[in-house]
Amino acid sequence: MSTLAPRPTRRVAVLGGARVPFARSDGPYATASNQEMLTAALDGLVERHGLQDPGAVGEFVAGAVLKHSRDFNLARETVLGSALDPRTPAYDIQQACGTGLQAVIAAANKIALGQTESAIAGGADTASDAPLGVNDRLRRILLEARRAKSAGARLKALARIRPGHLVPDIPRNAEPRTGLSMGEHAAVTARAWGITREEQDALAAASHQRLAAAYERGLFQDLVVPFRGLARDQNLRPGSTVEKLAALKPVFGLDAPGPTMTAGNSTPLTDGAATVLLASEEWAEARGLEPLAHLTAFETAAVDFVGGDVAGGEDGLLMAPAYAVPRMLERAGLGIEDFDLVEIHEAFASQVLATLAAWEKRGLAPVDRARLNVAGSSLATGHPFAATGARIVATLATLLAEREGPGRGLISVCAAGGQGVTAILERT
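Conventions used here
Residues numbered from 1 in each chain as written. Predicted model: local features only at pLDDT ≥ 70, side-chain atom pairs only at ≥ 80, totals over all residues. Heavy atoms only, no water. Helix = DSSP H or I, 4+ residues; strand = E, 2+ residues; numbered from the N terminus. Buried < 20%, exposed > 50% of the residue type's maximum accessible area, 1.4 Å probe, protein only. Polar contact = N/O pair within 3.5 Å; in protein donor to acceptor, adjacent residues only side chain to side chain. Salt bridge = Lys/Arg side-chain N within 4 Å of Asp/Glu carboxyl O. Pairing = 2+ DSSP bridges. 1 Å grid on protein atoms, 1.4 Å probe; cavity = no way out; pocket = protein on both sides within 12 Å on 5 of 7 lines; lining within 4 Å. Points joined across faces, edges and corners; volume = space filled by probe spheres on them. Nonpolar A, V, L, I, M, F, W, Y, C, P; charged D, E, K, R; others polar. Patch = residues over 30% accessible without salt bridge, like charges linked within 9 Å, V, L, I, M, F, W, Y side chains within 5 Å. Areas by Shrake-Rupley, 256 points an atom, 1.4 Å probe, with all protein chains shown as cover. Core = buried A, V, L, I, M, F, W, Y, C linked by side-chain atoms within 4.5 Å. Axes fitted to C-alpha atoms, helices over the stretch in contact; angles between N-to-C directions. Parallel < 35°, antiparallel > 145°, perpendicular 65-115°, else oblique. Left-handed = near helix turned anticlockwise from the far one by under 90°. Contact = heavy atoms within 4.5 Å.

Draft legend 1. Up close: the side chain of threonine 270. Inspection of the secondary structure assignment puts threonine 270 in strand S8 (residues 270–280). With a relative accessible area of 4%, threonine 270 lands in the buried category. Separated by 2.9 Å, the side chain of threonine 270 and the backbone nitrogen of histidine 383 make a polar contact.

Right under this line is the structure:
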């Protein structure tokens, strides 16, 4: 009996990215839907890379964390409203704040296995237009009325509706298992790792200053698509300093002495969308596109943030990358010192600092701060949940491409639910 030999995997090239400027919630994009923002980002990518012809792209994978019922089949509906060939297959994916990076990984896997030659990955989220759910008590009454066999039974059910039933269920920024917000979870971890206010404010100020410098030198010229009057990320504060941030009052961890987390060293609620173009080297060469970098490894992890060592800091809600990165590096035969650039999603400054400390505790070398988030990150850009991973991949690939010679970059993204998604980009 004959068997088929396994097909060797192919290198996956990152060819470019496009995103809309990120905006603070209830601001310029207050009335923009996930689909509208994602379509704008996708159209920017299509235009800049000449992807309008039939069959140009194998598939589109994207997602959103805060989704309306109208966001059903979001990725496919986005394709149908975009300049991309309407015959392009598409599907949704979601893993909280790791959504964008997981979309990249999903697309890359198909390319590596030869199942498609090219793909676009991305994500979008709007905190301004968060879905409001029907009050659950009202929902049960309406379902009972729908199932009623007679008009009398239907009226009897509807007669039980009270004013309190009309109050909608508003999405909460809290973990279902603990009832704590992400910020409160991060405050517990910050205390466990002894992260100081001064360290957090310094990291936040650097994020704004570095993002401003990156805009000034034109890094985002081919990455950011103007949208609804914005050409730069609205949250960016070029004049941010440690002294200015020190004047802000703490907003998380107020239940314990010495709270350190403020609105300035935490990411704001944000609206936005981002996309990334991935392909085989053969596809890129045929279209005359130069790879910026290659996706060479990735790893996911999760922690028990409910029953694990939360107070000790090991299993804090946002600490899964502390496990994912060492595993990924061991598998790749690399150490932190082998990376020219390190991109850690800045959900909170304290979370970045705790992650760095945890990596060292697990035997990794200290990260050279001059290589960390060199063009700023989420504290400055903002954080539309599902868009952040795609933003980081495109930015890091562009940073690697502008360096002289080979380079290697590490990506670390923490996510709600105690999860982490990490990856490696390389330029040879």
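Draft legend 2. Region of the structure containing the side chain of aspartate 271. Assignment of secondary structure puts aspartate 271 in strand S8. Among the polar contacts listed, one links the side chain of aspartate 271 to the backbone nitrogen of alanine 127, at a separation of 2.7 Å.

Draft legend 3. Here's a closer look at the pattern of salt bridges. Summed over the entire model, instances satisfying the criterion amount to 23 salt bridges. Between aspartate 85 and arginine 87 there is a salt bridge, with the nearest N and O atoms lying 3.4 Å from each other. The exposed category is assigned to arginine 87, whose relative accessible area is 62%. One salt bridge connects arginine 217 with glutamate 402, and the closest N-O pair in it is separated by 2.8 Å.

Draft legend 4. Main features of the pairing of strand S12 (residues 419–427). Extensive coverage of S12 is indicated by the burial of eight of its nine residues. Here strand S9 (residues 293–302) pairs with S12 via eight bridges, running antiparallel. Residue pairing across strands places alanine 302 opposite glutamine 419, the latter belonging to S12. Pairing between strand S11 (residues 407–415) and S12: nine bridges, direction antiparallel. Opposite glycine 409, over in S12, you have leucine 425 as the bridge partner. What sits between the antiparallel neighbours S11 and S12 is a turn of three residues, in which glycine 417 has the positive phi angle 80 degrees.

Draft legend 5. The arrangement of empty space enclosed by the protein in detail. A full pass over the atoms with the stated rule returns two cavities of 30 Å³ or more. A volume near 50 Å³ is recorded for the largest cavity. Lining the largest cavity, in full, are His185, Ala186, Thr189, Ala190, Leu317, Leu318, Met319, Ser350, Gln351 and Ala354. A per-element tally of the lining of the largest cavity places helix H6 (residues 182–193) first, with four residues. Broken down by class, the residue content of the lining of the largest cavity amounts to six nonpolar, four polar and no charged. Roughly 30 Å³ of volume is contained in the second largest cavity. Lining the second largest cavity we find Gly17, Ala18, Arg19, Leu223, Thr275, Ala390, Arg391, Ala394 and Thr395. Elements supplying a minimum of two residues to the lining of the second largest cavity: strand S1 (12–19) and helix H13 (388–401). The biggest single contributor to the lining of the second largest cavity is H13, with four residues.

Draft legend 6. How the structure looks around a nonpolar patch on the surface. Where nonpolar side chains cluster on the molecular surface, the patch consists of Leu142, Leu155 and Leu158 and spans about 260 Å² of accessible area. One can find leucine 158 in helix H5 (residues 151–158).

Draft legend 7. Seen up close, the nonpolar core. Formed by 46 residues in total, the largest nonpolar core has its most connected members in Leu101, Ile411 and Leu425. Counting residues in each nonpolar core, the second largest holds 36 residues, with Leu38, Val57, Val79 and Ala90 among its members.

Draft legend 8. Representation of the packing of helix H10 (residues 321–332) against helix H11 (residues 349–361) within the structure. For the pair H10 and H11, the least separation of the axes is 9 Å and the interaxial angle reads 45 degrees. The angle between the axes of H10 and H11 places the two elements in the oblique class. When you trace H10 past H11, the crossing you get is right-handed. Contacts from Pro321, Ala322, Val325 and Pro326 in H10 reach Thr355, Ala358 and Trp359 in H11.

Draft legend 9. The arrangement of the layout of surface pockets in detail. For the second largest pocket, the calculated volume is near 210 Å³. Along the walls of the second largest pocket sit Leu15, Gly16, Gly17, Arg48, His49, Leu219, Asp222, Leu223, Leu289, Glu290, Leu292 and Thr398, which together make up its complete lining. Among the secondary structure elements, those contributing two or more residues to the lining of the second largest pocket are S1 and helix H1 (34–49). Here the lining of the second largest pocket takes three residues from S1, the largest share from any one element. The residue inventory of the lining of the second largest pocket, partitioned by class, reads five nonpolar, four polar and three charged.

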